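Residue strings, one per chain:
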Amino acid sequence: MNSTQEQLRFKFQQALFAAFGADYAEVDPMLVSASNPKFGDYQSNIALSLAKQLGQAPRAIAQQIVQQLDLNEICEPPEVAGAGFINLTLKPAYLEAQLSAIQTGERLGIAVVKEPKREVVDFSSPNIAKEMHVGHLRSTIIGDCIARILEFRGHDVLRLNHIGDWGTQFGMLIAYLREAYPDALITANALDLGDLVAFYRKAKQRFDEDEVFRETARQEVVKLQAGVEDTRRAWQLLCEQSRREFKVIYDLLDVHLIERGESFYNPLLAAVVEDLDKKGLLVEDAGAKCVFLEGFTNKEGQPLPLIVQKTDGGYNYATTDLAALRYRIEQDCAERIIYITDAGQANHFAQVFQVARRAEWIPNDVELVHVPFGLVLGEDGKKFKTRSGDTVRLRDLLDEAIARARADLESRLKEEGRSETEDFINHVAQVIGISAVKYADLSQNRTSNYIFSYDKMLALQGNTAPYMLYAYARIQGISRKGDINFKQLGDDAKVYLQHETELILAKHLLQLSEVITSVEQDLLPNRLCEYLFHLSQKFNLFYDRDRGVPVLTAEEPQRTSRLVLCDLTARTLKLGLSLLGIPTLERM
Ligand code: ARG
């Protein structure tokens, strides 16, 4: 089904063609949602933008367009207002028909794209033996949401976890492993490294204070790269240990990724450097091989180099990303590659993309997108830390959210005099806790920093997950109370829109597809959150005892019609939340 905006756009283009000729048939009619419901539902600013080109007053242009507009089935007669805006108000009969149409399908009227794309989403990507920090949490949550939306639209999505599992730090770690846990290399499962980060710290300490150890560590790097058997096994042990820790987080978050770490591209790095050389881009500068960048300069105004091979022959983070780009285009057939990292890596990606383009590795129809996000701050506005000043472990952070959700729930149950099973409490607390963390992250414009506050994200009021989950559960409560099976309302159940709050809710329900398309393009999940927040608010208004309408006690045919609106709201919430990676609760 085409969204209302698409239908309107089509009608406008027909009118533009009729009024001003074929040159104008493809012009964007500049349709936006009306800023104030007083002026209707949509507004077109096209007449103002054509004034110069046509040499006529905007109002006159607007009049000519309106004369040609055939919107009888969709809108009330269009109105020309102000300087030449065209205001449109949707007809209740149109809304009723649209709602009946989306009601029958699982997808609620959201079309599958006509030309699915092969999309790589590179997200989460923590580093072995280093802390998986809050930045990785953001990448994981945002990346999963974007992947879910693209998948739902029918794209062929490859979710890649570009884990930092390669590099010189492994020499140090392996050398330390041999020293401190030699058994681990001979006996399977002899190793319980516990906190790998503490292990890393100790290895680093040895590295800093002991010259002999440093040399051993260097040798281990060489052996690792050469594929020497027991060095590789040591490396694998370290990776598996980290993987187990990551898995706990991914399971809690219900996020699925394909692991393809930096090590995967190791055999392809030499060819990257060779090919850059062949293309005439490689310059040797003080022993390092690099490409001089366009548009990136140092303080003296000299072009900056991107080093792809260091003096000691080692490769860089950027070299790996260049190899990964080539692999993803050639082998994975990617048409769009999306990287989700903190904004601090914007330059890194701009530089890598530039070099890849100049090397002619990027076909014209392949799009490279860096999706940056801001920092997570503590309530003091500074970098998010524990009270003692340490980095917050993600596991602790999620556990704390669940524990607080549980405490809230238990006090609510007490207040309401309810008793629930232990299973119920565990499940609800887990869903609310995790959802609150995810939603708090997704509901911010990702490019800005945000303040992490358990109190705010767990609040039952406001733009929070619990508020949305509660709206959903409340609707399921209506079906329980009235003993109504929403699924059996029937495809022929008719919708009648009379009351103001019914119209407002109906219009909002029909905007889901516009919102999803916009998130698909701009990769801003906060738009979907905002949509769902407003949906919950509009539902609550519709269901409000004083300002809304009765549902279960209404007469037919209103009763069925309103139940359809309830059901559609619930299904829209469920679908929208699922695209954010948030499950719903029937009761809470
Ligand atoms: N491991 C990196 C980090 O922790 C993120 C990797 C992002 N993806 C990439 N292809 N560079 O910062």
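Quick summary incoming for the structure in this document. Computed from a predicted structure; not experimentally measured.

## Here's the deal with the overall build of the chain
- Across its full length, the chain carries 20 helices and 14 strands.
- Expressed along its principal axes, the backbone C-alpha trace of the chain runs to roughly 85 × 70 × 40 Å.
- Considering the chain as a whole, with its 588 residues, one finds that 51% of them fall into the buried category.
- For the chain, the proportion of contacts with a sequence separation of at least 24, taken over those separated by at least 6, is 72%.
- If the 68 positive side-chain charges of the chain are averaged to one point and the 83 negative ones to another, these points end up 2 Å apart.

## What about helix H7 (residues 196-209)?
- Between the first and last C-alpha of H7 there are 20 Å, a value that for 14 residues agrees with the 20 Å anticipated at 1.5 Å per step.
- Buried residues of H7: Leu196, Val197, Phe199, Tyr200 and Ala203, and no others. An end-on view of H7 places all buried positions within 150 degrees of arc, on one side of the element. Residues of H7 that are exposed and point over 90 degrees away from its buried face: Arg201 and Glu209.
- The secondary structure elements touched by the buried residues of H7 are helix H6 (169-180), helix H8 (211-226) and helix H9 (229-253).

## Quick word on unusual backbone geometry
- The step from Glu556 to Pro557 runs through a cis peptide bond, and the omega angle for that step is 5 degrees.
- Relative to the assigned elements, Pro557 resides in the loop between helix H19 (526-542) and helix H20 (558-579).

## Digging into the side chain of Ser263
- Tracing the backbone shows Ser263 in the loop between strand E7 (258-259) and helix H10 (269-278).
- When its relative accessible area of 16% is taken as the criterion, Ser263 is described as buried.
- Look past the residues within four positions of Ser263 in its chain and what remains in contact with it is Asp165, Trp166 and Trp235.

## Remarks on the environment of Ser448
- By the element assignment, Ser448 lies in the loop between helix H14 (422-442) and strand E14 (450-451).
- Residues Ser448 and Leu577, spaced 129 residues apart in sequence, show a C-alpha to C-alpha distance of 22 Å.
- Each residue touching Ser448, except ones within four places of it in the same chain, is listed here: Arg138 and Gly374.

## Observations concerning the pairing of strand E4 (residues 85-88)
- Relative to E4, strand E2 (residues 42-44) runs antiparallel, the two being bridged by 3 bridges. Counted as the bridge partner of Ser44 is Ile86 from E4.

## What about the sheet that holds strand E5 (residues 118-122)?
- Strand order in the open sheet formed by 5 strands is E7-E6-E5-E11-E12, and the pairing between neighbours is parallel. Both edges of this open sheet fall to E7 and strand E12 (367-373), since each of them pairs with a single strand only.
- Examined bridge by bridge, E5 and strand E6 (residues 156-161) share 5 bridges and lie parallel to one another. Paired with Val120 across the two strands is Leu158, which belongs to E6.

Cut-offs used in this document
Residues numbered from 1 in each chain as written. Predicted model: local features only at pLDDT ≥ 70, side-chain atom pairs only at ≥ 80, totals over all residues. Heavy atoms only, no water. Helix = DSSP H or I, 4+ residues; strand = E, 2+ residues; numbered from the N terminus. Buried < 20%, exposed > 50% of the residue type's maximum accessible area, 1.4 Å probe, protein only. Contact = heavy atoms within 4.5 Å. Lys, Arg positive; Asp, Glu negative; His and termini not counted. Charge placed at Lys NZ, Arg CZ, Asp CG, Glu CD. Expected span 1.5 Å × (residues − 1). Arc of directions from axis to C-beta. Pairing = 2+ DSSP bridges.

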